[in-house]
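Structure at a glance
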Amino acid sequence: MLNQSLIKDIIGTVLKYGGDFAEVFVENKYENRIELTDGKIQKANTNNISGVGIRGFLGKKAIYAYTNVFEKENLLSVAKRVGEALSEVKINDLTLDFDNKKLKNRHVIYLYPRDVEKTEKVKVMKKAYESAKNYSQLIKQVQVWFWEYDQEVLIANSEGVWAEDRRVKARLMINAIAEHNGNMERGFYGPGTSMGFELFDRIDVEEAAKRAARIAARMVDAEPAPAGKMPVIISNEFGGVIFHEAVGHALEATSVAKGASVFAGKLGQKVAAECVSAVDDATIPNAWGSANVDDEGTPTRRNLLIDKGVLVGYLIDKLGGRRMGMESTGSARRQDYTFAPTSRMSNTFILPGDYHPEEIIAATEYGLYAKEMGGGSVNPSTGEFNFAVNEAYLIEKGKITKPVKGATLIGKGYEIIQKIDMVGNDVGRGQGVCGSISGAVPADVGQPTIRVSEIIVGGRNK
Amino acid sequence: MTYNEFKEKLFSIAKEKGFEAQIDLSESSEFSLRYANDDIDQYTDASKFSVSIKILKDGKIGRVYTEQLENPEKLFEEALKNWELTDSEDEEFFYDGTGKYIEMDLYNGSFEKTSVSEKIEFVKKLYNSAKCDDRIVMVPYAMYNNFKVSKKISNTLGLDVSTTADGGYSYAMAVSKDESTHSGLWMEVGTKFSDLDPEKIGKTACQNALSLLGAKSVKSGKYRVIIKNTAFEDMLSLLISMISAENVQKNMSPLKGKQNQKIASTILNIKDVPYYKNSISNRPFDDEGVPTKETPIIENGILKSFLYDLKTAKKDNTEPTGNSLGGSIRPINLLVESGEYDFENLLKKLDDGIVIIGVDGMHSGANPISGNFSLGARGFRVINGEISHPIEQITISGNFLQLFEKVEAVGNDSKIFYGIITPSILISELDIAGE
């Protein structure tokens, strides 16, 4: 990490040549990725990532530069280029007084992954492999990945922010492949947390592997999902990807500030069904998307986004805040120093409602039960989203009947949240990696079981 | 520590411990501008370098990656730990660099020579061109990017190759509005600054957004379909995963065991080419230092070859194809050969059906193991060989290999994307879900 006087020099250089705000982001990240296929460790990678991001603002204009040559001369020349690109305003008398108070770490780590022998990690992976492989004779191949990282960041800016944070994450990912009658299907499950190796005392590795195997085995002989508009019940945990894609991205300042979101200018208005409330909360201890401070050094907080159907908040970073005339909500994130930060979700979920999941199924005459969701994507400016259902069943006369595969759900986010008509009481969260303009970041999605009264299901026609 | 000092130190530690070693240095820089709301929205000017190290003994590899040229001893130890963990039965190799490399000049230098103010003018023009009509309510972004990458791979067997490449790309999105909003996107790549025409890119994005005004869904059913190059480009990522010899050998490709069999319509020809004029992904050697070469994949509908790195080639008792890229096996330029139909004639041949211009959700709604896909889509209804009206809020679904069998005609409108070159194709039948 860089010392305070050099950081002051960098910030001072940006402001001397131009701009009214300067920020330095320093990162050291140690990462391990291990891959197991066919019961054998195929690859083990260790990555040491380190670099510096320098950013300047002038009004609503932003310039970003990064480098991983840490020499003073180079850093000051990069800072000068940033300042010159901003050019117009010059602040010559800068006195910087960093607010050096230590933040309380809410995400206590017991076993730093780098302190645990890699062979211990491999033991966990092989246990997952055996469990998935033995789940059913249909399972023909299993892949297991172990991913951990330990990221230290230092963020300082011309407003006196000085923040240091250490983010430790660990994740196990299991991909099971079933084969039957020439058909192949896969099932995936990937639990992760902001924890050290103690994650594996908290989760049942064998159960996690069985979950991936179950999806593959049930889906391999399933009929194609029906096509067309129908009611869809979306299960809890990773089911929350529907809110993440359909609504969450469109609440990020990145698109709201430009007016490029269907939710721009709608604060205080009713945008969703009354049974829908949702939050983004990066403060949940040891959750996958949590951090003590965001990537601009702003302490993270719980942000209520939708309250009983009414839009009450956006996710805002500093630049978005300047453009919107609003404060940062501690939502700036980036994959690493090679990306300028922007507003992103952390742990986002729909709050619990009144129904038991069984009641929701029993109240549905015909429709699709989406038990395990895959990923999805959205175009925030049109609200068009799509996402894949990895494990699905038909609902007929209030009962789950047969498995169906290959369903994709599409629609427009602002329409879908008005069509949620039943919300369960079983909130759970699932883990994903969210990709957007500031790179791939760990994010939790979550919800209770919900029903959408009508949605287009992309399946096959009879 | 200089790069050479670092490399020599690492090689000597490896030799001492009875290992071969390989080091891959990559230095890259990028410049990008994003324009939105009548101003520069993001400006990035950056550079970095990285070093990938592999050590080899007993057919096993240990890997470590770093962004600082320091502590080769510690990095070797880390690689050694990873080497110890690996228990794969597949034998790994290094390449000695004795093969013949195709000479290609991949560095033009025009992007570096172009001034920042010219690039700012470029994105302004791009942005304004994307607003070509009053019905465009927004241009969420107009993007310009250029890059330069230098790569150098050396190992203790004598491999020592290097290359420098530059390139650029630009894209814009425009949004039009009636009762709902519709987006239009266009992107082009260039090997020199003058290849990129901001007015053309912006205008095309604009016209694409306008063309969807009045779009509605269609009745679910089976339709004849043209998949435009802009949509087929996205869908071809499924094929990329299926032709990787690694996925085939690990029983994760539906093409396993189908070599020399007919898997597609006889008019379909697909190959991987290391060099294609105006492409920005050309490569003389892959990430193992192996020379790249032309590899036929599908010839007249018959599956000819998979793509190989050193390890998978040895396992199948064949030659590596030079396709080890970024830690997996990928094509350099996946090329779908042009057919005889221009787009107007393709429409006539379609007669009654749907043109798909874009798909959403490839990373989630398409399954490379089964080949099944179900994707959000948009395009146009075609009646009597003419475009009748725009369509959105539909999905297309099917199996990628069945789709290959149903190719009825191939267009001559080839377009270069990043690493993929493809024309539009006509499919005799595809499942569409809508109303």
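Given the structure is predicted, the values throughout are model-derived calculations rather than measurements. (Residues numbered from 1 in each chain as written. Chains lettered and ligands numbered in written order. Predicted model: local features only at pLDDT ≥ 70, side-chain atom pairs only at ≥ 80, totals over all residues. Heavy atoms only, no water.)

1. Here we look at the overall build of chain A
- Per the secondary structure count, chain A includes 10 helices and 23 strands.
- For 462 residues, the compact-globule estimate of 2.2 N^0.38 gives 23 Å, and chain A sits close to it at 24 Å.
- Overall size of chain A, expressed as C-alpha extent along the three principal axes, is 75 × 55 × 35 Å.
- Each of the 462 residues in chain A was classed as buried or not, and the buried ones make up 65%.
- Considering only intrachain contacts with a sequence separation of at least 6, the fraction spanning at least 24 residues in chain A is 75%. (Helix = DSSP H or I, 4+ residues; strand = E, 2+ residues; numbered from the N terminus. Rg over C-alpha atoms; globule rule 2.2 N^0.38 Å. Buried < 20%, exposed > 50% of the residue type's maximum accessible area, 1.4 Å probe, protein only. Contact = heavy atoms within 4.5 Å.)

2. Some details on the overall build of chain B
- A count of helices and strands for chain B gives 12 helices and 20 strands.
- For chain B, whose C-alpha radius of gyration is 24 Å, the value lies close to the compact-globule estimate of 22 Å for 435 residues.
- C-alpha extents for chain B along the principal axes are approximately 75 × 55 × 35 Å.
- Counting every position in chain B, which comprises 435 residues, the buried fraction comes to 63%.
- When contacts within chain B are restricted to residue pairs at least 6 apart in sequence, long-range pairs at least 24 apart make up 71% of them.
- For chain B, the accessible area works out to roughly 16700 Å², and carbon and sulfur atoms hold 45% of it.
- Where the 50 positive side-chain charges of chain B centre and where its 66 negative ones centre are 2 Å apart. (Areas by Shrake-Rupley, 256 points an atom, 1.4 Å probe, with all protein chains shown as cover. Lys, Arg positive; Asp, Glu negative; His and termini not counted. Charge placed at Lys NZ, Arg CZ, Asp CG, Glu CD.)

3. Points about the sheet that holds strand β13 (residues 334-336) of chain B
Residues and elements named next belong to chain B.
- Taken in spatial order, the six strands line up as β10-β9-β8-β13-β19-β18 in an open sheet, and their pairing is mixed. Whereas interior strands pair on both sides, the edge strands pair on one side only; in this sheet they are β10 (302-303) and β18 (415-416).
- When strand β8 (residues 270-272) meets strand β9 (residues 295-299), the two strands line up antiparallel, connected through three bridges. Note on β9: the bridge partner recorded for Ile270 is Ile298. (Pairing = 2+ DSSP bridges.)

4. Considerations on the sheet that holds strand β22 (residues 439-447) of chain A
All names here are of chain A.
- If you trace the six strands from one edge of the open sheet to the other, you get β12-β11-β10-β15-β22-β21, paired in mixed fashion. Whereas interior strands pair on both sides, the edge strands pair on one side only; in this sheet they are β12 (310-311) and β21 (428-436).
- Inspection of the sheet shows strand β10 (residues 278-281) paired to strand β15 (residues 347-350) by three bridges, in the antiparallel sense. Counterpart to Val279 in the pairing with β15 is Phe349.

5. Quick notes on the interface of chain A and chain B
- Across the contact, 77 residues belong to chain A and 77 residues belong to chain B.
- With both sides pooled, the region where chain A packs onto chain B buries about 6100 Å², and carbon together with sulfur makes up 46% of that total.
- Scanning the region where chain A abuts chain B turns up eight salt bridges.
- Between Glu78 of chain B and Lys118 of chain A there is a salt bridge, and its shortest N-O distance comes to 2.9 Å.
- Top element by residues in the side of chain A that touches chain B is strand β2 (residues 40-58) of chain A. It accounts for 11 residues.
- Looking at the side of chain A that touches chain B residue by residue, the class counts come to 29 nonpolar, 30 polar and 18 charged.
- Two strands pair when backbone bridges link them, and strand β3 (residues 61-67) of chain A and strand β2 (residues 39-57) of chain B are joined in this way by two bridges, in the parallel orientation. Paired with Tyr64 of chain A across the strands is Thr44 of chain B, a residue of β2 of chain B. (Buried area = accessible area lost by both parts, 1.4 Å probe. Salt bridge = Lys/Arg side-chain N within 4 Å of Asp/Glu carboxyl O. Nonpolar A, V, L, I, M, F, W, Y, C, P; charged D, E, K, R; others polar.)

6. Things to note about the packing of aromatic side chains
- Tallied over the full model, the rule gives 22 aromatic pairs over all chains.
- Relative to Tyr149 of chain A, the ring of Trp147 of chain A has its centre 5.7 Å away and its plane inclined at 55°; by these criteria the two rings are tilted.
- When the ring of Phe197 of chain A is compared with that of Phe200 of chain A, the centres are 5.1 Å apart and the planes differ by 55°; the resulting orientation is tilted. Of the two residues, Phe197 of chain A and Phe200 of chain A, both sit in the buried class.
- Taken together, the ring pairs connect Phe111, Phe122, Tyr144 and Phe193 of chain B into an aromatic cluster.
- When the ring centre of Tyr149 of chain A is taken as origin, the NZ or CZ atom of Lys29 of chain A, which lies over that ring, is 4.5 Å away. (Phe/Tyr/Trp six-rings, centres within 6.5 Å; stacked < 30°, edge-to-face > 60°. Lys NZ or Arg CZ within 6 Å of the ring centre and 35° of its normal.)

7. Quick word on the side chain of Ser176 of chain B
All names here are of chain B.
- Tracing the chain through its elements places Ser176 in strand β5 (residues 160-177).
- Among the polar contacts listed, one links the side chain of Ser176 to the backbone oxygen of Ala209, at a separation of 2.7 Å.
- Once residues within four sequence positions are removed from consideration, Ser176 is found in contact with Arg135, Ile136, Val137, Thr181, His182, Ala209, Leu210 and Leu213. (Polar contact = N/O pair within 3.5 Å; in protein donor to acceptor, adjacent residues only side chain to side chain.)

8. Looking at helix α5 (residues 205-219) of chain A
Residue and element names in this part refer to chain A.
- Compared with an ideal rise of 1.5 Å per residue, which puts 15 residues at 21 Å, α5 spans 22 Å between its outermost C-alpha atoms and is within 8% of the ideal.
- Within α5, the full set of buried residues consists of Val205, Ala208, Ala209, Arg211, Ala212, Ala213, Arg214, Ile215, Ala216, Ala217 and Met219.
- For α5, the side-chain oxygen to backbone nitrogen distance between the N-cap and Glu206 is 3.1 Å, and the N-cap itself is Asp204. (Expected span 1.5 Å × (residues − 1).)

9. Some remarks on the nonpolar core
- Among the nonpolar cores identified, the biggest contains 53 residues, and Leu2, Ile7, Ile10, Ile11 and Ile54 of chain A together with Tyr144 of chain B are the most heavily contacted of them.
- Among all residues touching Ile7 of chain A, those that are not within four sequence positions of it are Leu2, Val24, Val26, Phe98, Leu154, Ala156 and Trp162 of chain A.
- If you look at the next biggest cluster of nonpolar residues, it comprises 52 residues, including Ile240, Ile243, Met362 and Ala366 of chain B. (Core = buried A, V, L, I, M, F, W, Y, C linked by side-chain atoms within 4.5 Å.)

10. Some details on the state of the cysteines
Residue and element names in this part refer to chain B.
- One pass over the structure, following the stated rule, counts one disulfide over all chains.
- For Cys132, the disulfide goes to Cys206, at an S-S distance of 1.8 Å. Every disulfide takes its handedness from the sign of the S-S torsion; for Cys132 and Cys206 that torsion is -75°, giving left-handed. You can see Cys132 sitting in the loop between α4 (116-130) and β4 (136-155) and its partner Cys206 sitting in helix α5 (residues 198-210), a full 74 residues away along the chain. (Disulfide = S-S within 2.5 Å.)

11. Considerations on the packing of helix α3 (residues 118-133) of chain A against helix α2 (residues 72-85) of chain B
- The contact between α3 of chain A and α2 of chain B brings their axes to 10 Å, and the two run at 30°. Where α3 of chain A crosses over α2 of chain B, the two elements pack in a sense that is right-handed. Contacts between α3 of chain A and α2 of chain B pair Lys118, Thr119 and Val122 of chain A from the former with Glu78, Lys81, Asn82 and Leu85 of chain B from the latter.
- Looking at the contact of α3 of chain A with α2 of chain B residue by residue, the classes come out as two nonpolar, two polar and three charged. (Axes fitted to C-alpha atoms, helices over the stretch in contact; angles between N-to-C directions. Left-handed = near helix turned anticlockwise from the far one by under 90°.)

12. Let's talk about unusual backbone geometry
- Phi at Lys308 of chain A is positive, roughly 45°, even though this residue is not glycine.
- Relative to the helices and strands, Lys308 of chain A is located in the loop between β11 (302-307) and β12.
- On the basis of relative accessible area, Lys308 of chain A is assigned to the exposed category, the value being 55%.
- Positive phi, close to 65°, is recorded for Asn260 of chain B, a residue that is not glycine.
- Residue placement: Asn260 of chain B occurs in the loop between α8 (245-249) and β8.
- Judged by its relative accessible area of 54%, Asn260 of chain B falls in the exposed class.

13. Considering the pattern of salt bridges
Residues and elements named next belong to chain A.
- In the structure shown here, the tally under the stated rule is 61 salt bridges over all chains.
- A salt bridge links Glu391 to Arg214; its shortest N-O distance comes to 2.7 Å. One end of the pair, Glu391, is in strand β17 (residues 384-396); the other, Arg214, is in helix α5, and 177 residues separate them in sequence.
- Taking the relative accessible area as the measure of exposure, Glu391 reaches 0% and is therefore buried.
- Of the residues examined, Arg214 reaches a relative accessible area of 16% and is grouped as buried.
- Within this structure, Arg211, Arg214, Arg218, Glu237, Glu372 and Glu391 form a network of salt bridges that share partners.

14. A look at a nonpolar patch on the surface
All names here are of chain A.
- Among the surface-exposed residues, Val108, Tyr110 and Leu111 lie close enough to one another that they form a single nonpolar patch of about 310 Å² accessible area.
- For Leu111, the location among the structural elements is in the loop between α2 (72-86) and α3.
- On the accessibility criterion, Leu111 (38% relative accessible area) is partly exposed. (Patch = residues over 30% accessible without salt bridge, like charges linked within 9 Å, V, L, I, M, F, W, Y side chains within 5 Å.)

15. Topic: the pairing of β15 of chain A
Residues and elements named next belong to chain A.
- Alternating positions in β15 separate into two faces, Asn347 and Phe349 on one and Thr348 and Ile350 on the other, with burial throughout.
- Of the pairings in the sheet, the one linking β15 to β22 comprises three bridges and is parallel in character. For Thr348, the partnering residue across the bridge sits in β22 and is Val445.

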